Amino acid sequence: MVTQTVETDAKEAAGGGSFLKNNLREYGLLLSLVVIMVFFQIETDGTLFQPLNLTNLILQNSYIIVMALGMLLVIVSGHIDLSVGSVSGFVGAVAAVLMVNHGVHFVVATILCLILGGVIGAAQGYWVAFYKIPSFIVTLAGMLVFKGLALAVLEGSSVGPFPDTFQLLSTGFIPDPFHGETLRVTSLVAGILMALVLLVSKVRGRAERVKHGMESEPAILFMVKNLVFASMIAAFSYMLASYKGLPNVLIVMLLLMLIYDFVTSRTTLGRRIYALGGNEKAARLSGIKTERLTFYTFINMGMLSALAGLIFAARLNTATPKAGLGFELDVIAACFIGGASASGGVGKVLGAVIGAFIMGVMNNGMSIMGIGIDYQQVIKGLVLLAAVCVDVYNKKK
Amino acid sequence: MAEPILEMRGIKKSFHGVRALSNVNLSVQPGEIHAIVGENGAGKSTLMKVLSGVYPDGDFEGQIKFSGQDCHFKGIADSEHKGIIIIHQELALVPLLSIAENIFLGNEQATGGIINWTTSFVKTQALLKKVGLKESPNALITNLGVGKQQLIEIAKALSKEVKLLILDEPTASLNETDSDALMELLLELKRQGITCILISHKLNEISKVADSITVLRDGATVASLDCTSGKISEDTVIRHMVGREMADRYPKRRPDIGGKVFEVKNWKVHHEVHPERVVIKGVDLHVKRGEIVGIAGLMGAGRTELAMSIFGKTYGRDISGEVFLHGKKVDTSTVQKAINNRIAYVTEDRKGYGLVLDETIAWNTTLANLNAVSTNAVIDEGREFNVAEDYRRKLNIRSPDVFARTVNLSGGNQQKVVLAKWLFSDPEVLILDEPTRGIDVGAKYEIYTIIAQLAAEGKCVLMISSEMPELLGMCDRICVLNEGKFVAEFTAAEATQEKIMRSIVTSGVN
């Protein structure tokens, strides 16, 4: 009996090892984020994890993450969108003109702007999907067009400030009826609840898979991974709660993350996008309407760019002609650092989010350390290259 | 007899354990036109790749002697240096460069890296004259027809001091006038003392120009025929080409054939890129319940084009004609509609068109019928797993579980996954395009068994294959497609390889 248990244990351990080896990428990504965080936490003498800074970190990166969700789909489908920065700037400008100059109610203006984003995405996706014009070229053109249009709409100057209610999108925090002075109880409870829900859903999903004999991830790894994840969420929400609570934009972001993660991993729509990017010809011969699907991913990207533009405008409380400049680079880098493949078919929503956080933490940490903007860019560029090299190397092995 | 210019002895070559050439001997006399014939997959192209150094020395067994010297080619550059030039079936010209630029590509008329355009122009003019072209050396390749492009390739070969010219199916995509012109040119080159190896399916051409013929079958030389002493009949050549033993390599079937289920009428398809070319010239076709109908034909006969144009118009343009199921006209103009009408097409190119290689067996199995494993567009992974596991067992897909990525499977198992995908779409009509291409004998038998099983269940099977024994072994009826038309039809009882081959090689003449 005893020897038998030892044997199975040894087998399981070996299985765990090989599983870890095969899924190095996924765990490696999370691990690198943790390592980078710890590194900057030490280098900045603990400033990184101060509640104020943590809140800022989320606010600063929210619009990048929102766009990364759409960009991931575009990249997985085998395309690229270079226009997202310009589009978000343009939509922010339109929002400002509507709300500030014409006094349109913020809800109406927001809806109009999201529709505008969708239309812009459709206008670009149309050429990519139905005329097979390389997305690189179409969206490069779009980048110029919308950068110019943003300038035109704003007539070269900044427009602001926005109505207070609109600003809450970026600067607001979820309300706290307990009026906790030092700790926002609602935020803390919401955070912990979130962690628990995540944990429970993961455990149930695993039980379902085990029932069908489909699970290959060893139990110990599964537990460690998810406990770390859940406790990280709980710890972060505690830290945020000790400042002003959970930012509204974080809630928006988390909701979107959950939706996109679900769509990509569980629905037929998501499955078809991966098939399209993985082997377009096979997808087409399997009855997937590849052209329409490509078209949709661009519409989706346009809407998310619009949302990101609104968040950014609300955060600055003014729309400037320079808004959105260079965002596309951060967004695309986030996807590739997060493990998406430039040739399509590969990439995960959570990967892109972690990729965006890696970029964000590096930006933030290096700024606190006082590294100049010049070398910050050099370092970010090298990190991107390194991440993709590791990927390619892993694949070749 | 003079000393042969080229002597290949005991050439053996395998790919991942599969024998492509088992024992080839080839001896070519100087100044002759030497034809190499054989079925698809007999090893002709592989042999020429061995000769031209595409497979470097050491990658194969055997001996090559050229102009009396032992040769150990490390690459194409080595063989070209000796004067062996091969012109492949797919032309290697850059369409948007001029004739002169193409002819001297990689061999530019330059001093110190600076191209002398005058020399290029003059030399090109001389070369074009030799091959009988009146085009300007500055004309772009893309503006020339296929026939002229072929001549440009020959001119390019002549620019390199060619001693042995190898042409791989040069007339496959040419019309009759262009083919005749090309044959004339070969005879002219022969008068100038250039030795030539001609690979062709067209026996009438070969009998016109060849001095000797080597017949390959299953990767070995089966006959070397001399045409100078007396005319060799096509019968003799055909018999050598196909004459192999038919062993018990196919499952026993007891056909139970019902009424007409699937019917295609007056189907016409134009070429995707060159719309003026008609690829399928108004064909009729039908399959009965429980029947396996084979489509025989050479490469380029239009078999895949026919199948893919029927299946959701995935090939070709200006498609006309009608498809009927159970006597009712159906719309198959998109893949989705074809699938909804219970038609399935299993591609000949499983890696390019069949599988998403990075993904798992389960993932690929359900791809064409995702709705059947999902509720409100949410995929039920449990159901998906059960479906895939079920097919893995039924089709005997060898892998530890259904979560293995398909890229890691062997060819036979990959083919089974593609089959599983289409079986799960619940088809009534199955079009199988080269279902056993590139897989080993054991896996072939398993695929045959599955096909026989499908027919026994009352499905209509349309099977396209280049391997005639396979068609003879499996089909109830065989239709022969050549140059976009059905040229013959045989029942299982009357069909023989000779008859099929004859209907193909003689159809071009009439």
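Residues numbered from 1 in each chain as written. Chains lettered and ligands numbered in written order. Predicted model: local features only at pLDDT ≥ 70, side-chain atom pairs only at ≥ 80, totals over all residues.

Brief notes about the overall build of chain A
The cut-off we apply is this: Here a helix means four or more residues in a row that DSSP labels H or I, a strand means two or more in a row labelled E, and each is numbered from the N terminus. Three exposure classes are used, based on other C-beta atoms lying within 10 Å of a residue's own C-beta, which is placed from the backbone: buried for 20 or more, exposed for 12 or fewer, and partly exposed in between. Throughout, a residue-residue contact means that the two C-beta atoms, derived from backbone geometry, are no farther apart than 7 Å.
Each helix and strand counted, chain A has 16 helices and zero strands in total. For chain A, the spread of C-alpha atoms along the principal axes amounts to about 80 × 60 × 40 Å. Taking all 397 residues of chain A together, 43% fall into the buried category. For chain A, long-range pairs separated by at least 24 residues make up 80% of all intrachain contacts whose partners lie at least 6 apart in sequence.

Quick look at the overall build of chain B
Let me state the cut-off plainly: Within these notes, the globule rule equals 2.2 Å times the number of residues to the 0.38 power, and the radius of gyration is based on C-alpha atoms.
Looking only at helices and strands, chain B features 17 helices and 24 strands. A globule of 510 residues ought to have a C-alpha radius of gyration of about 24 Å, and chain B, at 25 Å, matches this closely. Among the 510 residues that make up chain B, the fraction classed as buried is 44%. Residue pairs in contact within chain B that sit at least 24 positions apart in sequence constitute 68% of those at least 6 positions apart.

Overview of the packing of helix H3 (residues 51–76) of chain A against helix H10 (residues 248–266) of chain A
Residues and elements named next belong to chain A. Put simply, the rule is: Lines are fitted to the C-alpha atoms to define the axes, a helix being fitted only along its stretch in contact, and any angle between axes, read from their N-to-C directions, falls within 0 to 180 degrees. Note that the term roughly parallel is reserved for angles under 35 degrees, roughly antiparallel for angles over 145, roughly perpendicular for angles of 65 to 115, and oblique for everything else. Should the near helix be turned anticlockwise from the far one by less than a right angle, the crossing is termed left-handed; should it be turned clockwise, right-handed.
Running from amino to carboxyl end, H3 crosses H10 at an angle of 25°, the nearest separation of the two axes being 10 Å. If you check the angle between H3 and H10, you find them roughly parallel. As for the relative orientation of H3 and H10, their crossing is left-handed in sense. Contact residues: Ile58, Leu59, Ser62, Ile65, Val66 and Leu69 in H3; Val249, Leu250, Met253, Leu256, Met257 and Tyr260 in H10.

Considerations on the interface of chain B and chain A
Our working rule: Residues are grouped as follows: nonpolar covers Ala, Val, Leu, Ile, Met, Phe, Trp, Tyr, Cys and Pro; charged covers Asp, Glu, Lys and Arg; every other residue, Gly included, is treated as polar.
At the interface, 26 residues of chain B touch 21 residues of chain A. Elements with a contribution of two residues or more to the side of chain B that touches chain A: helix H10 (335–340), helix H11 (350–354), strand E20 (378–379) and helix H13 (381–394) of chain B. For the side of chain B that touches chain A, the residue count by class is 15 nonpolar, eight polar and three charged.

Description of the confidence of the model for chain A
Residue and element names in this part refer to chain A. Worth spelling out the cut-off: Note: pLDDT gives the predictor's confidence per residue, expressed from 0 to 100.
On average, residues of chain A score 87 in pLDDT, and 91% of them reach the 70 mark or higher. Considering each helix and strand of chain A separately, the mean pLDDT is smallest for helix H1 (residues 2–22), with a value of 46, and largest for helix H5 (residues 106–131), with 96. Counting contacts from residues 1–15, a segment whose pLDDT is below 50, to residues more than four positions away or on other chains yields two contacts.

What to know about helix H6 (residues 135–154) of chain A
The cut-off we apply is this: Under the convention used throughout, the expected extent of a helix is 1.5 Å for every residue step, that is, one less than its residue count.
The end-to-end C-alpha distance of H6(A), which contains 20 residues, comes to 28 Å, matching closely the 28 Å that a straight helix rising 1.5 Å per residue would cover. A:Glu155 occupies a position one or two residues after H6(A) and carries a positive phi of about 50°.

Section: unusual backbone geometry
In this model, A:Gly160 is joined to A:Pro161 through a cis peptide bond whose omega is -10°. Checked against the element boundaries, A:Pro161 lands in the loop between H6 and helix H7 (164–171). With phi around 55°, B:Glu161 is a residue other than glycine that occupies positive phi space. Turning to its location among the elements, B:Glu161 is positioned in the loop between helix H5 (146–158) and strand E9 (164–168).

So, the packing of H3(A) against helix H15 (residues 349–369) of chain A
All names here are of chain A. The geometry of H3 relative to H15 is characterised by a closest axis approach of 9 Å and an angle of 145° between their N-to-C directions. In the packing of H3 onto H15, the handedness of the crossing is right-handed. For the pair H3 and H15, contact is made by Leu57, Gln60, Asn61, Ile64, Ile65, Ala68, Leu69 and Leu72 and by Val349, Ala352, Val353, Ala356, Phe357, Gly360, Val361 and Asn364, respectively.

Regarding the pairing of strand E16 (residues 317–325) of chain B
Residue and element names in this part refer to chain B. Put simply, the test is: At least two DSSP bridges between two strands are required for those strands to pair.
With six bridges joining them, strand E13 (residues 260–270) and E16 adopt antiparallel strand pairing. Counterpart to Glu263 in the pairing with E16 is Phe324. Taken together, the three bridges between E16 and strand E17 (residues 328–330) define a ladder with antiparallel strand orientation. Along E17, the bridge assignment pairs Leu325 with Lys328. In sequence, E16 turns back onto E17 through a hairpin of two residues, with His326 there showing a positive phi of about 50°.

What to know about the sheet that holds strand E18 (residues 343–346) of chain B
All names here are of chain B. Spatially, E18-E21-E22-E15-E23-E24 is the arrangement adopted by the six strands of the open sheet, whose pairing is mixed. Of all strands in the sheet, those with a lone pairing partner are E18 and strand E24 (485–491), marking the two edges. Along the sheet, successive strands turn relative to each other by an average axial angle of 20°, direction set aside.

Points about the sheet that holds strand E14 (residues 278–288) of chain B
All names here are of chain B. On the basis of which strands lie adjacent, the open sheet formed by four strands has the order E14-E13-E16-E17 and antiparallel pairing. If you trace the sheet from one side to the other, it starts and ends with E14 and E17, each paired once. Strand-to-strand, the axes of this sheet are offset by a mean angle of 15°, without reference to chain direction.

Some points on the environment of A:Leu227
If you trace the backbone, A:Leu227 turns up in helix H9 (residues 219–241). Residues A:Leu227 and A:Leu199, spaced 28 residues apart in sequence, show a C-alpha to C-alpha distance of 7.6 Å.

Regarding the environment of A:Met366
Residue and element names in this part refer to chain A. With respect to the helices and strands, Met366 occurs in helix H15. C-alpha separation for the pair Met366 and Thr44, spaced 322 residues apart in sequence, amounts to 8.7 Å. With near-sequence residues (within four places) excluded, Met366 lies in contact with Ile371, Gln376 and Ile379.

Things to note about the nonpolar core
Generally speaking, nonpolar side chains in soluble globular proteins are found buried as a group. The criterion, for reference: Here a nonpolar core is just a set of buried residues of the types Ala, Val, Leu, Ile, Met, Phe, Trp, Tyr and Cys, joined wherever their C-beta atoms sit within 7 Å.
Judged by nonpolar contacts, the single largest core of 242 residues is most densely connected at A:Met67, A:Ala68, A:Met71, A:Leu72, A:Ala95, A:Cys335 and B:Met463. With 16 residues, helix H13 (residues 290–316) of chain A is the largest single contributor of residues to this core. Non-local contacts of A:Ala68, meaning those with residues more than four positions away in its chain, are made with A:Val331, A:Ala334, A:Cys335, A:Ala352, A:Val353 and A:Ala356.

Quick notes on the pairing of strand E22 (residues 460–464) of chain B
Within a regular strand, the side chains alternate between the two sheet faces. All names here are of chain B. In terms of burial, E22 is largely enclosed, as five of its five residues are buried. Bridge analysis of strand E15 (residues 292–296) against E22 gives four bridges, and the strand direction is parallel. The residue of E22 that forms the bridge with Ile295 is Ile464. Taken together, the five bridges between strand E21 (residues 429–433) and E22 define a ladder with parallel strand orientation. Bridging across to E22, Leu432 finds its partner in Met463.

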